[in-house]
Amino acid sequence: LKMKETQQLRRTLERKAKHLEPCRKQSEHWRRKVIAADKQIGKTETALKQADRRRTAAHAKLEQRAENIRKLEDDMKREKEERKQRVKRGRKLREEIDKLQEDVDRHDESEIEQAQEERKRIQRGALSAARNERNAFDSQLRVIDNGRVRARQQLRQIDQQLETWTNTARQRDDHIFGTGAHREREFKLFVDRHRHEFEGEVYGPIVQEMTVRNELHCKFLNASLPRQALYGYVCTNGRDWNRLLQRAHEMNLKFTVYLQPEAATATTHVHRPVDTATLRRHGVDGYLDEIFEARPLIQATLNDQFGLSSRAYAMQELDAAALDNVLVTTSGQSGRLKSLLTPSSQYAIKESAYSQQVLRSLGNLHVSRQACILRTTPDFSQQIAAKTAEKQRVQQELDEANARHGEAQQGRQQKQVEIETLAKTKKQLDDKVAAFHKLTQKLHKKRKDLTELEKETQTTIDEFATRINDDIVRENCARIELFERVAEDLGRVHTLLQARSIASIEKRQHEAQHQHIKQMMADFTRRHKELRTRHTHCQRQEQELKRQHRQLYERAEKKYPRRKFVDVWSGEDKQLSLDEVESKINHIQGRINVLYVDPERVKKYERLEAAIESQTKELQQLEADFEEQSDAIDDIEARWQPQLQKAVAKISAKFGEFFRQFNNAQGRVCLVSEDDDKRKLPYSEWCIDIETKFRSDEHTPWKRLTSSAQSGGEKSVSTMLYLLSLKEVTTVPFRVVDEINQGMDPVNERRIMEILNYECTPQRMPVMSSADGGGGNGDSVRLPQYFVVTPKLLPRLQYSPCSSVYVIFNGPYQMPQEAWTMSKFIQSQKDLSQCQSQSQQEQEPEQE
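Residues numbered from 1 in each chain as written. Predicted model: local features only at pLDDT ≥ 70, side-chain atom pairs only at ≥ 80, totals over all residues. Heavy atoms only, no water.

1. Regarding the overall build of the chain
From N to C terminus, the chain includes 22 helices and 13 strands. Relative to its full complement of 848 residues, the chain shows a buried share of 28%. Within the chain, residue pairs in contact and separated by at least 24 positions form 73% of the contacts whose partners lie at least 6 positions apart. When the accessible surface of the chain is split by element, carbon and sulfur atoms take 50% of a total near 59,700 Å². (Helix = DSSP H or I, 4+ residues; strand = E, 2+ residues; numbered from the N terminus. Buried < 20%, exposed > 50% of the residue type's maximum accessible area, 1.4 Å probe, protein only. Contact = heavy atoms within 4.5 Å. Areas by Shrake-Rupley, 256 points an atom, 1.4 Å probe, with all protein chains shown as cover.)

2. Structural notes on the nonpolar core
Formed by 41 residues in total, the largest nonpolar core has its most connected members in F187 and L244. In terms of residues, this core owes the most to one element, helix α7 (residues 215–224), which gives four residues. Beyond its immediate sequence surroundings of up to four residues, F187 is in contact with Y233, L244, R247, A248, M251, L253 and F255. Grouped together as the second largest cluster of nonpolar side chains are 26 residues, F658, A665, I740 and L797 included. (Core = buried A, V, L, I, M, F, W, Y, C linked by side-chain atoms within 4.5 Å.)

3. Notes on helix α20 (residues 712–725)
Taking 1.5 Å of rise per residue, 14 residues should cover 20 Å, and α20 covers 20 Å from first to last C-alpha, within 8% of that figure. G713, E714, S716, V717, S718, M720, L721, Y722, L724 and S725 are the residues of α20 that are buried. (Expected span 1.5 Å × (residues − 1).)

4. Observations concerning α7
Among the 10 residues of α7, seven are classified as buried, and the element is accordingly described as predominantly covered. Taken together, the buried residues of α7 touch α8 (227–230), α12 (296–306), β5 (312–313) and β6 (339–341). One side-chain oxygen of the residue at the start of α7 lies 2.7 Å from the amide nitrogen of L216, identifying that residue as N214. (Polar contact = N/O pair within 3.5 Å; in protein donor to acceptor, adjacent residues only side chain to side chain.)

5. Concerning the sheet that holds strand β3 (residues 257–259)
An order of β1-β2-β3 is seen for the three strands of this open sheet, with the pairing classed as mixed. Of all strands in the sheet, those bounded by a partner on one side alone are β1 (202–203) and β3. Relative to β3, strand β2 (residues 233–235) runs parallel, the two sharing three bridges. The partner of V234 across the bridge, within β3, is Y258. (Pairing = 2+ DSSP bridges.)

6. Some details on unusual backbone geometry
Look at the link from G204 to P205: it is a cis peptide, with omega at -5°. Looking at where P205 falls in the secondary structure, it is placed in the loop between β1 and α6 (206–209). Positive phi, normally seen in glycine, also occurs at R796, with a value near 60°. With respect to the secondary-structure elements, R796 resides in the loop between β13 (785–789) and α22 (822–847).

7. Points about a nonpolar patch on the surface
Residues L793, Y799, V805, V807 and F809 make up a contiguous nonpolar surface patch of roughly 430 Å² in combined accessible area. Note that V807 resides in the loop between β13 and α22. (Patch = residues over 30% accessible without salt bridge, like charges linked within 9 Å, V, L, I, M, F, W, Y side chains within 5 Å. Salt bridge = Lys/Arg side-chain N within 4 Å of Asp/Glu carboxyl O.)

8. Some thoughts on the packing of aromatic side chains
Using the criterion set out here, one finds seven aromatic pairs in the structure. Aromatic side chains F220 and Y313 sit 5.7 Å apart centroid to centroid with 50° between the ring planes, which places their arrangement in the tilted category. Residue F220 is found in helix α7, and its partner Y313 is found in strand β5; the two are separated by 93 residues along the sequence. For the residue pair F220 and Y313, the accessibility class agrees, reading buried in each case. Ring pairing ties together the aromatic residues F187, F190, Y233 and F255, which thus form one cluster. Sitting over the ring of F190, R247 keeps its end group 4.6 Å from the ring centre. (Phe/Tyr/Trp six-rings, centres within 6.5 Å; stacked < 30°, edge-to-face > 60°. Lys NZ or Arg CZ within 6 Å of the ring centre and 35° of its normal.)

9. Observations concerning the sheet that holds strand β11 (residues 703–704)
Two pairing modes exist for strands in a sheet, parallel and antiparallel, and in both the strands are linked by backbone hydrogen bonds. Pairing is antiparallel across the open sheet formed by three strands, whose spatial order is β9-β10-β11. Both outer strands of the open sheet, β9 (666–672) and β11, are each paired with one neighbouring strand and no more. Pairing geometry for strand β10 (residues 687–693) and β11, over two bridges, is antiparallel. The residue bridging E691 from the neighbouring strand is R704, located in β11.

10. What about the layout of surface pockets?
Looking at the second largest pocket, its volume works out to about 1,200 Å³. Together, 31 residues line the second largest pocket, and L793, Y799, S804, V805 and Y806 are the ones closest to its centre. Contributing elements (two or more residues each) for the lining of the second largest pocket: α21 (746–759), β13 and α22. The greatest single-element share of the lining of the second largest pocket, amounting to five residues, is contributed by β13. Looking at side-chain class alone, the lining of the second largest pocket contains 21 nonpolar, eight polar and two charged residues. (1 Å grid on protein atoms, 1.4 Å probe; cavity = no way out; pocket = protein on both sides within 12 Å on 5 of 7 lines; lining within 4 Å. Points joined across faces, edges and corners; volume = space filled by probe spheres on them. Nonpolar A, V, L, I, M, F, W, Y, C, P; charged D, E, K, R; others polar.)

11. Observations concerning the side chain of R148
Note that R148 resides in helix α3 (residues 126–166). A distance of 3.3 Å separates a polar atom in the side chain of R148 from a polar atom in the side chain of H405. Apart from the residues within four sequence positions on either side, R148 is in contact with L398, A401, N402 and H405.

12. Side note on the side chain of T236
As for its position among the elements, T236 is in the loop between β2 and α9 (238–250). Residue classification places T236 among the buried residues on the basis of a relative accessible area of 18%. Among the polar contacts made by the side chain of T236, one reaches the main-chain amide nitrogen of E201 at a distance of 2.8 Å. Once residues within four sequence positions are removed from consideration, T236 is found in contact with G200, E201, L259, Q260, P261, E262 and L297.

13. Let's talk about the pattern of salt bridges
Enumeration over the complete set of coordinates arrives at 20 salt bridges. The partner of E197 in a salt bridge is R243, with the nearest N and O atoms 2.8 Å apart. Remark: R243 occurs in helix α9 and E197 occurs in the loop between α5 (182–193) and β1; sequence separation between them is 46 residues. Taking the relative accessible area as the measure of exposure, E197 reaches 39% and is therefore partly exposed. Its relative accessible area of 29% is what places R243 among the partly exposed residues. Overlapping salt bridges bring together K188, D192 and R195 as one network.

14. Topic: the environment of Y258
Note that Y258 resides in strand β3. Look at Y258 and you get buried, because its relative accessible area is 8%. Here the alpha-carbon distance between Y258 and L245, two residues 13 residues apart in the chain, equals 9.7 Å.

15. Focus: the packing of α5 against α9
Remark: α5 packs on α9, axes separated minimally by 11 Å, with the N-to-C direction vectors making an angle of 145°. Every pair of crossing elements has a handedness; the one defined by α5 and α9 is right-handed. Side by side, α5 and α9 meet where F187, F190 and V191 of the first sit next to R243, L244, R247 and A248 of the second. Across the contact of α5 with α9, the residue classes tally to five nonpolar, no polar and two charged. (Axes fitted to C-alpha atoms, helices over the stretch in contact; angles between N-to-C directions. Left-handed = near helix turned anticlockwise from the far one by under 90°.)

16. Quick look at the packing of α20 against α21
Running from N to C, α20 and α21 point in directions that differ by 5°, and their axes come no closer than 11 Å. Judged on the interaxial angle alone, α21 and α20 are roughly parallel. Side by side, α20 and α21 meet where V717, M720, L721 and L724 of the first sit next to N748, I752, I755 and L756 of the second. (Parallel < 35°, antiparallel > 145°, perpendicular 65-115°, else oblique.)

17. Examining a negative patch on the surface
On the surface, E623, E627, E628, D631 and D634 cluster together into a negatively charged patch. Looking at the secondary structure, you find D634 in helix α19 (residues 599–659). (Lys, Arg positive; Asp, Glu negative; His and termini not counted. Charge placed at Lys NZ, Arg CZ, Asp CG, Glu CD.)

18. Some remarks on the confidence of the model for the chain
When pLDDT is averaged along the chain, the result is 77, and 85% of the positions lie at 70 or above. Segment residues 765–780 is flagged for pLDDT under 50; beyond a separation of four residues in sequence, or across chains, it makes 16 contacts in the model. (pLDDT = per-residue confidence, 0-100.)

Right, here's the structure in full:
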């Protein structure tokens, strides 16, 4: 059978291959027709494009001709209007010429000639002389002004020099508070600013209160007084003294503040060890308290602290004899000095407590540049007197120059009045002559215009109209020729369009035929491929069946030799098919197996029965354990689930209370423990659902809070209110909310911040219990903290006392922290708020 099927498939393949060749030929025939139709269509398209270009050019020419005709017609109309205007203008010009001629006739030519002669006489005579005299006055005024400018410059230079000599206080301040003494300057400014707050007098620094006229005297005082004393202050009140000491300690300054009551100064008597006359006989000039000028209070303080009234000085070096005459030579000797300063040395005497001997020490009198705090106060009285006399002289010269300037200015004004009078007379004459010339010029121009207008109107309008009409006729003839050409092109285009349509229809028919042939060829090819595949498969099955047949035949020949069983087969057996033979064999084999019992199968049956019994017992034990665990779970759930539901109800109540503050919106929190079919869910699938209704309509359904059901602002509001609702059922110490207000509108954001401030503020003050270290009884209110991180906050939010706002100024584009002045920022914000409130108040009446 399989061989017959293979031969039939081979014959079918050969027959189909013969049918495929005519199809290929027809396909090639129709493909050539499609190509020919494409070429014909291409030629037609090219001819159509050329015709379109010719038609477009013809249309452009027609438009140009029509435009030319319109221009000619417009020229004709414009010429008619211009002719009417020329006639009208000629009539008007004749009237103006007659009027001008009358005006010219009214003028007397002799008077005009006399006016011209008078104008020339004024221009060349009196007016020119007056202008020369005025220019002479101007030259004199410039010379006087230059002298006045030089005198004023000399006065300014003299005033600057006098100001430099008289302003010695600023020079002293620059020296005293120069390099290294900026903190002493700050202390001085502090004392000056708070001087009205002191209860007594405060003088200082001492070096600024002292006046010395000699350089050597300054050297003596710089060597005798330390820096702490020179920069020190003198107070007459104890509280002022304490305040200055505290301030100096805060500024880390090292100088001395002295307390010297004024009453003690009045009773102080200066004690001199040696009278001044005696000292001068031996070459000693006096005592140190005599070489400077200062307030009595400061002099008394320096005498008390440094003994300046008992320390002498000499302006020249002394010999040994003079020193022995003025200095103490034996212990207990009176009327002698114990301290003496000379220009290069300083002497000090120390008496012995055990003998009559004394110790005389000699040291160099050298003061470093840093210690030269005290300087002489310069005296510029002679220079000031000389400069003052020079200033008076220059001022006198300036006054004389001002007087000459006034006289010259008065003379110039008189000449200017004379020039203006002559110029006025000349202008009147000029106007009279100019008016006459203007009339004559205008009359001449009008006559010239009338002549030109008459020449223009000599050409008649009929000649111009004839010329325009001839041009219009020529343009119309050209348009008719173009129309005929366009009509011919349209006929050719119509023929070409018909040919293109026919070619397109033929092309579509040819393409359809070609496509049909290709489809038939594809079907033939597919069927040919299927037949070839079936033929190959049948050949393989035929070979496999032949191989099996050989193997079975060999086995049957071995097991059932033909010569042995040929007589056993009956006629019916020989008529059986292959399947009937196999069924009969299986039936006989089953009968044989029943007659023989296999012991291995019996053992296998017993093992399986024992395993089933063991697994049954194990299953019963598992079911008992499962029932016990289910009872335990039910017991735990009976205790835990009511508490959970109570907590969820508490959260839901608070959540709904918050939601009702937003235009009566509604919100609730639900515990989901069952599915849609009311079947209990596993504990791992239990969840909390947040449901909201932002519209107060009863028909509005509840919406579960998801990423797509609500808007961004609604999700932000719901999330923040849910966090606030958890406050009473959770024990976490703080919560962090990052940019929760970014999706809200200003109204919702302000309401959220008000609720947050209210919920985070205790409604009663906390009282410390004994366990916390306090002695009172009461409840301690503990509220969780909320950290709201946001790049912005609404203006004019109301904050509770328990709220804190931290503004972080950081980043590469911020100014450094030391440059911030918070007081100025606060003041500017107050000013801005006041301006905004004022503008709102001004806008309210306008709106009313």
